[in-house]
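# Overview (structure and organization)
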Amino acid sequence: MHYEIYKNARDASWKFLIQHNVCSLPVDLKPIISAMGMTVRKDNSGILHVGERGRTVNENGMLHIIVRDDPIPQKRYTIMHEIGHIVLGHTESDNRSDVDEYAAERFAIGVLAPACILWGLDIQTAEEIADLCNISITSAKIREKRMQELYNRNKFLTTPLERQVFEQFSDFINSNKRKQ
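Reading the values: the criteria
- Residues numbered from 1 in each chain as written.
- Predicted model: local features only at pLDDT ≥ 70, side-chain atom pairs only at ≥ 80, totals over all residues.
- Heavy atoms only, no water.
- Phe/Tyr/Trp six-rings, centres within 6.5 Å; stacked < 30°, edge-to-face > 60°.
- Helix = DSSP H or I, 4+ residues; strand = E, 2+ residues; numbered from the N terminus.
- Buried < 20%, exposed > 50% of the residue type's maximum accessible area, 1.4 Å probe, protein only.
- pLDDT = per-residue confidence, 0-100.
- Pairing = 2+ DSSP bridges.
- Axes fitted to C-alpha atoms, helices over the stretch in contact; angles between N-to-C directions.
- Contact = heavy atoms within 4.5 Å.

Another point: the packing of aromatic side chains. Each aromatic ring pair is specified by the distance between its two centres and by the angle formed by the two planes. All told, the structure shown has six aromatic pairs when counted by the stated rule. Each ring, one from Phe16 and one from Phe107, has its centre 5.3 Å from the other, and the planes form 75°; the classification is edge-to-face. With Phe16 in helix α1 (residues 2-19) and Phe107 in helix α4 (residues 98-112), this residue pair connects regions lying 91 residues apart in the sequence. Comparing Phe16 with Phe107 shows no difference in burial state: the two are buried. Measuring from centroid to centroid gives 5.0 Å for Trp119 and Phe156, while their planes differ by 10°, and the two rings are stacked.

Given below as structure tokens:
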């Protein structure tokens, strides 16, 4: 079951990149948030629970992502994690399961640090991932571990969706590829 959840979230992240015509890293969140008719704001009123980094609230029919006043890389990841919940149909903030959280995490990293793009750029280390994608080193280390598995298995560009994302980023990849 875990692989199905992983695969669904991964595919949703690719569809999201395609739908929002994302073609460079770091992903610019402002046009995405605007296109989704949402806002993002800091938690100045105590909406977030202890230990909670972000939450989506519906106020008068408009979605708002509430985030802690974290450093930008963490905030970007939290925003995309919350967007993942929305895209994946996890509607109740207080009733999300561990499976929902796993899927939203997978979605967030898939959008902010797409594996096929990192592969296309020959990105290897967590530091390179964090720098290129403007995500925290903690998130980048998780991505680095998964990238090593993918590199070892040579599992890139195996689906039409992934190939479409790769093609969409082709100018960016060609402009930023390391010199061999």
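Residues at a pLDDT of 70 or more form 94% of the protein, whose mean pLDDT is 92. Looking at the elements of the protein, mean pLDDT is at its lowest for strand β2 (residues 54-59), recorded as 89, and at its highest for helix α8 (residues 160-168), recorded as 98.

Pairing is mixed across the open sheet formed by three strands, whose spatial order is β1-β3-β2. In the strand order of this sheet, the two ends are held by β1 (39-42) and β2, each with one partner. Taking each pair of neighbouring strands and ignoring which way they run, the sheet shows an average axis angle of 30°. Here six bridges tie β2 to strand β3 (residues 62-67), and the two strands are oriented antiparallel to one another. When the sheet's bridge partners are listed, Glu59 is paired in β3 with Met62. Contacts between helix α3 (residues 72-87) and the sheet are confined to β1, β2 and β3, with β3 contributing the most and set at about 145° to the helix.

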